[in-house]
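Commentary on secondary and tertiary structure
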Amino acid sequence: MIRCYIGLGSNQGDSKAIIEEALAQLNEAAGIEVLRVAPLYRTAPQGYLEQDDFINTVAEIDTSLGPEALLACLQRIENRLGRVRTVHWGPRTLDLDLLLYGDETVSLPNLQAPHPRMGQRAFVMVPLADLNGQLRLAGEPVAATAKRLAGEQRIERC
């Protein structure tokens, strides 16, 4: 089994219920066990700013799936819960991102892990630090990055 971290976000519909259902579907998927989930956070959108705030969290999972199979599972769950890709970084019912795939570096055309922008996003780093602040990203403890980003970006616990 490989320890992975999945980012979850939503800003359309009943975001809390959608995230709860996504976590249930993750836990029911073959080869995946959800171990822990960070608290929910309300965060400002990034990239495309003309949209509602997001609800975000991070889940810690164990999986026997390879990185591409795990990504395919995440995309199936997104699709089942109404994800439509129209505007890059735009509003969405659900976004599931593979943040870390064990301590491996994955570099594929459709997947990179560690997620290439996670260290710039409070909505990822703060809940990740709730789960495991001792993890290191680019040589820095996740907790230190989370603290710095929380001072720069709007994020509040729901």
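In what follows, the accompanying structure is described. Quantities reported herein were computed from a predicted structural model and do not represent experimental measurements.

Conventions adopted
Numbering of residues starts from 1 in every chain and runs along the sequence as written. Under the rules for a predicted model, residues below a pLDDT of 70 receive no local features and side-chain atom pairs below 80 are neither given nor counted, while totals for whole chains, interfaces and linings still include all residues. Here the side-chain values reflect all heavy atoms present in the structure, with hydrogen atoms and water set aside. Helix and strand labels come from DSSP, where a helix needs a run of H or I of at least four residues and a strand needs a run of E of at least two; each type is numbered from the N terminus. Each radius of gyration reported is based on C-alpha atoms, and the globular scaling rule is 2.2 Å times the count of residues to the power 0.38. Here a cavity means grid points, on a 1 Å grid over the protein atoms only, where a 1.4 Å probe fits yet cannot get out; a pocket means an open set of points with protein on both sides within 12 Å along at least five of seven lines; lining residues are those with an atom within 4 Å of a point. Grid points are joined across faces, edges and corners, and a volume is the space filled by probe spheres set on the points. Polar here means any residue outside two lists: the nonpolar Ala, Val, Leu, Ile, Met, Phe, Trp, Tyr, Cys and Pro, and the charged Asp, Glu, Lys and Arg; Gly therefore counts as polar. To estimate the expected span of a helix, subtract one from its residue number and multiply by 1.5 Å. Under the scheme applied here, a residue whose accessible area is under 20% of the maximum for its type counts as buried, over 50% as exposed, and between as partly exposed, the area being computed with a 1.4 Å probe on protein chains only. The arc in question is the one spanned by the directions pointing from the helix axis to the C-beta atoms. In what follows, residue pairs with any heavy atoms lying within 4.5 Å of each other are defined as contacts. A patch is a set of surface residues, each over 30% in relative accessible area and not in a salt bridge, joined within 9 Å for like charges and within 5 Å for the nonpolar side chains Val, Leu, Ile, Met, Phe, Trp and Tyr. Note on areas: Shrake-Rupley with a 1.4 Å probe; residue coverage comes only from the protein chains shown. A side-chain nitrogen of Lys or Arg and a carboxyl oxygen of Asp or Glu constitute a salt bridge if their distance falls within 4 Å. Only four residue types enter the charge count, namely Lys and Arg as positive and Asp and Glu as negative; His and the chain termini do not. For this purpose, a charge sits on NZ of Lys, CZ of Arg, CG of Asp or CD of Glu. Paired strands are those between which DSSP finds at least two bridges. Here a polar contact means two N or O atoms within 3.5 Å. Within protein one must be a hydrogen donor candidate and the other an acceptor candidate, and residues neighboring in sequence count only if both atoms are side-chain atoms. Helix axes are fitted only over the stretch in contact, all axes being lines through C-alpha atoms; the angle between N-to-C directions runs from 0 to 180 degrees. Put simply, angles under 35 degrees are roughly parallel, angles over 145 are roughly antiparallel, angles from 65 to 115 are roughly perpendicular, and the rest are oblique. Should the near helix be turned anticlockwise from the far one by less than a right angle, the crossing is left-handed, and should it be turned clockwise, the crossing is right-handed.

1. Observations regarding the overall build of the protein
Within the protein one finds 4 helices and 10 strands. Ordered by position in the sequence, the α and β elements of the protein form the string β-α-β-β-β-α-β-β-β-α-β-β-α-β. In terms of overall dimensions, the protein is globule-like: its C-alpha atoms have a radius of gyration of 14 Å, near the 15 Å expected for 158 residues. Its C-alpha atoms put the protein at 35 × 35 × 30 Å along the principal axes.

2. Observations regarding the layout of surface pockets
A probe matching the size of a water molecule, rolled over the atoms, marks out where space remains unfilled. Counted as a void, the second largest pocket has a volume near 150 Å³. Taken together, Arg3, Tyr5, Leu100, Tyr101, Gly102, Asp103, Glu104, Thr105, Pro114, Leu135, Arg136 and Leu137 make up the full set of residues lining the second largest pocket. Of all the elements in the fold, those that place two or more residues in the lining of the second largest pocket are β1 (2-10), β5 (95-101) and β8 (136-137). Broken down by class, the residue content of the lining of the second largest pocket amounts to 6 nonpolar, 2 polar and 4 charged.

3. Brief notes about helix α1 (residues 15-28)
Look at α1: 20 Å from first C-alpha to last across 14 residues, which is about the 20 Å you get at 1.5 Å a residue. All buried positions along α1 are accounted for by Ser15, Ile18, Ile19, Ala22, Leu23, Gln25 and Leu26. Looking straight down α1, one finds that the buried residues subtend no more than 165 degrees of arc, so they occupy a single side. α1 presents Glu20 and Glu28 as exposed residues on the side facing more than 90 degrees away from its buried surface. In this structure, the buried side of α1 is in contact with β1, β2 (32-37), β4 (54-63), α2 (67-80) and β5.

4. Topic: a negative patch on the surface
Taken together, the side chains of Asp14, Glu20, Glu21 and Glu28 define an acidic patch exposed on the protein surface. Among the structural elements, Glu20 can be located in helix α1.

5. Some points on the pattern of salt bridges
Tallied over the full model, the rule gives 7 salt bridges. Asp53 serves as the salt-bridge partner of Arg154, at 2.7 Å between the closest nitrogen and oxygen. With a gap of 101 residues between them, Arg154 in the loop between α4 (142-152) and β10 (155-157) and Asp53 in the loop between β3 (41-43) and β4 connect regions that are remote in the sequence. By relative accessible area, Asp53 is classed as partly exposed at 24%. Each of the salt bridges in this network shares a partner with another, and the network as a whole consists of Arg3, Arg36, Glu60 and Asp62.

6. As for the pairing of β4
Counting buried positions along β4 yields 10 of 10 residues, so the element is predominantly enclosed. Taking every second residue as pointing to the same face, both faces of β4 are buried, with Phe54, Asn56, Val58, Glu60 and Asp62 on one and Ile55, Thr57, Ala59, Ile61 and Thr63 on the other. Across 9 bridges, β1 lies against β4 in antiparallel orientation. For Ile2, the partnering residue across the bridge sits in β4 and is Thr63.

7. Topic: the side chain of Asp95
Structurally, Asp95 is set in strand β5. A relative accessible area of 14% means that Asp95 is categorised as buried. At 3.1 Å, the side chain of Asp95 forms a polar contact with the side chain of Arg92.

8. Quick look at the packing of helix α3 (residues 122-132) against α4
Interhelical geometry of α3 versus α4 gives an angle of 140 degrees and a closest axis separation of 8 Å. By the angle class used here, α3 and α4 are oblique. The two elements α3 and α4 cross, and the hand of that crossing is left-handed. Along its contact with α3, which presents Ala122, Met125, Val126, Leu128, Ala129 and Asn132, the element α4 presents Val142, Ala143, Thr145, Ala146, Leu149 and Ala150. By residue class, the composition of the contact of α3 with α4 is 10 nonpolar, 2 polar and no charged.

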